[in-house]
Amino acid sequence: MAEIIEMSRLALHDQVAARLRTMLVEGRIAPGAKLNERELSELLQVSRTPLREAIKLLGAEGLVDLLPNRGAVAVKLTEADVLNTFEVLSDLEGLSGELAAQRISEAELAELQARHYEMLACFTRRDLSGYYRLNAQIHAGVNQAAGNPVLTSTYKAINARVQSLRFRTNQNEDKWKRAVKEHELMMQALAARDGAGLRAVLIQHMLHKRDTVLELLRAGEIYPQAASK
């Protein structure tokens, strides 16, 4: 029997979008799968109207593709898509870090440090879902601290399409440990206001993510059917 997910009536389509976003990122809705409105309405216990509004929102974010006569489909990237996306995303992350190191306030820094320690606690518990949620908040927080709204809107649009792939890169223990170490270096550089150092760490961090995604993709571990082609 499907899990029943309850939610309040406040800002319903935003709450539906949040639930769907988690399901997409964590692979509970498989890449390339059609979002079945009837099944999702029953699962989330909402009517079709807020569900459709939520799906449109996720389409604007880049997590789903809205296709004529086919409805909404969870985004599924090719190897070329991955290469092209991470090529841009690594530079956006690097620029965010460089600017954030110059502009971040003490309050923003303290908030990111607090989330970093919460993320480390999730790592210790091997709570991948909690870890990824805080991880994403830290990256978004660095981007926000850069103080450039054009950079932020561009970053959000591009990052959304690879969120589910980034989630999967930490399912390997050794790669997860490496990511944690890189986050330690990120926080050290940010606290030291070392823009060049933070830029370098973030770019390297993203390139490691890209390489892991490509490795998993080629092994058929992200899109299993690819292994049999």
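Residues numbered from 1 in each chain as written. Predicted model: local features only at pLDDT ≥ 70, side-chain atom pairs only at ≥ 80, totals over all residues. Heavy atoms only, no water.

Undergrad: Quick one: what's the story with the overall build of the chain, residue by residue and with numbers?
TA: Tallying secondary structure elements over the chain gives ten helices and two strands in all. Expected size for 229 residues packed as a compact globule is a radius of gyration near 17 Å; at 18 Å, the chain falls within 12% of this value. Based on the C-alpha atoms only, the size of the chain along its principal axes is roughly 50 × 45 × 35 Å. With 229 residues in all, the chain has 45% of them scored as buried. Pairs at least 24 residues apart make up 72% of the contacts formed inside the chain by residues separated by at least 6 positions. Accessible area of the chain: about 11,500 Å², with a carbon and sulfur share of 51%. (Helix = DSSP H or I, 4+ residues; strand = E, 2+ residues; numbered from the N terminus. Rg over C-alpha atoms; globule rule 2.2 N^0.38 Å. Buried < 20%, exposed > 50% of the residue type's maximum accessible area, 1.4 Å probe, protein only. Contact = heavy atoms within 4.5 Å. Areas by Shrake-Rupley, 256 points an atom, 1.4 Å probe, with all protein chains shown as cover.)

Undergrad: Any details on the pairing of strand β2 (residues 71-74)? Residues and values, ideally.
TA: Sheet analysis places strand β1 (residues 64-67) next to β2, joined by four bridges and oriented antiparallel. From the neighbouring strand, Val64 faces β2, where its bridge partner is Ala74. Between β1 and the antiparallel strand that follows it, β2, lie three residues; Asn69 among them carries a positive phi value of about 65°. (Pairing = 2+ DSSP bridges.)

Undergrad: Let's hear about the side chain of Glu93: which residues, and what values?
TA: With respect to the element layout, Glu93 can be found in helix α4 (residues 79-103). For Glu93, a relative accessible area of 2% gives the class buried. A polar contact of 3.2 Å, which involves the side chain of Glu93, links it to the side chain of Arg166. (Polar contact = N/O pair within 3.5 Å; in protein donor to acceptor, adjacent residues only side chain to side chain.)

The analysis is restricted to geometry; functional conclusions fall outside its scope.
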